[in-house]
Amino acid sequence: MKFFVDTAEIDAIAELNDLGMVDGVTTNPSLIKKSGRDIIEVTKEICALVDGPVSAEVTATDADEMIAEGRKLVEIAQNIAVKVPLTWDGLKACKALSDDGHMVNVTLCFSANQALLAAKAGATFISPFIGRLDDINIDGMDLIADIRTIYDNYGFDTQILAASIRTVNHVTQSALLGADVMTAPPGVIKSMVNHPLTDKGLDTFLADIKAAGIKIL
Ligand code: G3P
């Protein structure tokens, strides 16, 4: 499973990237706003730091404008994936930009039919939003499972990018269901290391090291 980090915070991306945990980055207008940075400037910095795909989202809602924005975004770096919303105009932009040879991430996906349309429009990535479905009492993981089945049934090569990941369990379940990629905030990725039995076991080892005076260096 590829790990994308869902943030526009350079320091957080760099820390995870140094550990080999970053296969790509996703941003959106809310994350750009949170960073307080100019979209072009910060996206350029992220692209220089990370080798994998960096999703940058259009601001327009009309297909022609989305295409124009997408063409400007891909000038930033070779690893830009243009992010477009899952609307009819977004699908038109997806088709045009992917026909041009650019990576496209179709975002705000909340149904299997939407994912089917995005795949047919040539999307490189489809972003089902798990957490936001959970928020309205619909199991977001069912959507990942449905899209996986449909894409496998017909051999679509659009990658399932599990998004709106809020918990470490979302990561495990997405991996079990065969999502190709997951994108999560840095805090969720770092929380994956935590286990109380690891802490407890280490405490015992440390006590024994002290009691026995064990030294290596
Ligand atoms: O990847 C999409 C993500 O940024 C949305 O997450 O937590 O705002 O639903 P959230």
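Residues numbered from 1 in each chain as written. Predicted model: local features only at pLDDT ≥ 70, side-chain atom pairs only at ≥ 80, totals over all residues. Heavy atoms only, no water.

Student: What's the story with the UniProt feature "active site" (unreviewed entry) in the protein chain in this structure? I'm lost.
Tutor: Here, the residues flagged by UniProt with the feature "active site" (unreviewed entry) are Lys 83. Of note, Lys 83 is situated in strand S4 (residues 80–85). In this structure Lys 83 touches Thr 26, Thr 27, Asn 28, Ser 55, Ala 56, Glu 57, Val 58, Asn 105 and Thr 107, once residues within four positions along its chain are discounted. Here the side chain of Lys 83 touches Thr 27 through a polar contact of 3.0 Å, landing on its backbone oxygen. (UniProt positions renumbered as here; feature names shortened; annotations may be inferred. Helix = DSSP H or I, 4+ residues; strand = E, 2+ residues; numbered from the N terminus. Contact = heavy atoms within 4.5 Å. Polar contact = N/O pair within 3.5 Å; in protein donor to acceptor, adjacent residues only side chain to side chain.)

Student: Just checking my understanding: could you explain the state of the cysteines for this structure?
Tutor: The bond known as a disulfide is covalent and runs between the sulfur atoms of two cysteines. Enumeration according to the criterion identifies zero disulfides in this entry. Left unpaired, Cys 94 is separated from the closest cysteine sulfur, that of Cys 109, by 12 Å. Judged by relative accessible area, Cys 109 falls into the buried class, the value being 0%. (Disulfide = S-S within 2.5 Å. Buried < 20%, exposed > 50% of the residue type's maximum accessible area, 1.4 Å probe, protein only.)

Student: Could you clarify how one ought to interpret the environment of Glu 9 in this entry?
Tutor: One can find Glu 9 in the loop between strand S1 (2–6) and helix H1 (10–18). When residues no more than four places from it in sequence are discounted, the contact partners of Glu 9 are Lys 34 and Ser 35.

Student: When you look at the packing of helix H8 (residues 140–154) against helix H9 (residues 168–177) in this model, what are you seeing that I'm missing?
Tutor: A pair of packed helices is characterised by two quantities: the angle between their axes and the separation of those axes. Across the interface, H8 lies against H9 with an axial gap of 9 Å and an inter-helix angle of 20°. One finds that H8 runs roughly parallel with respect to H9. Between H8 and H9 the crossing geometry is right-handed. Of the residues in H9, those touching H8 at Met 141, Ile 144, Ala 145 and Arg 148 are His 170, Gln 173, Ser 174 and Leu 177. Looking at the contact of H8 with H9, its residues break down into four nonpolar, three polar and one charged. (Axes fitted to C-alpha atoms, helices over the stretch in contact; angles between N-to-C directions. Parallel < 35°, antiparallel > 145°, perpendicular 65-115°, else oblique. Left-handed = near helix turned anticlockwise from the far one by under 90°. Nonpolar A, V, L, I, M, F, W, Y, C, P; charged D, E, K, R; others polar.)

Student: Would you explain the packing of aromatic side chains in this entry?
Tutor: By convention here, two paired aromatic rings are described through the distance between centres and the angle between planes. All chains considered together, the criterion is met by four aromatic pairs. With a centroid separation of 5.6 Å and an interplanar angle of 75°, the aromatic rings of Phe 4 and Phe 125 are classed as edge-to-face. Of this pair, Phe 4 sits in strand S1 while Phe 125 is found in strand S6 (residues 125–128), placing the two residues 121 residues apart along the sequence. Like Phe 125, Phe 4 is buried. With 6.5 Å between their ring centres and 50° between their planes, Tyr 154 and Phe 156 make a pair best called tilted. Given a relative accessible area of 61%, Tyr 154 falls into the exposed group. An aromatic cluster of three or more residues is present, and its members are Tyr 151, Tyr 154 and Phe 156. (Phe/Tyr/Trp six-rings, centres within 6.5 Å; stacked < 30°, edge-to-face > 60°.)

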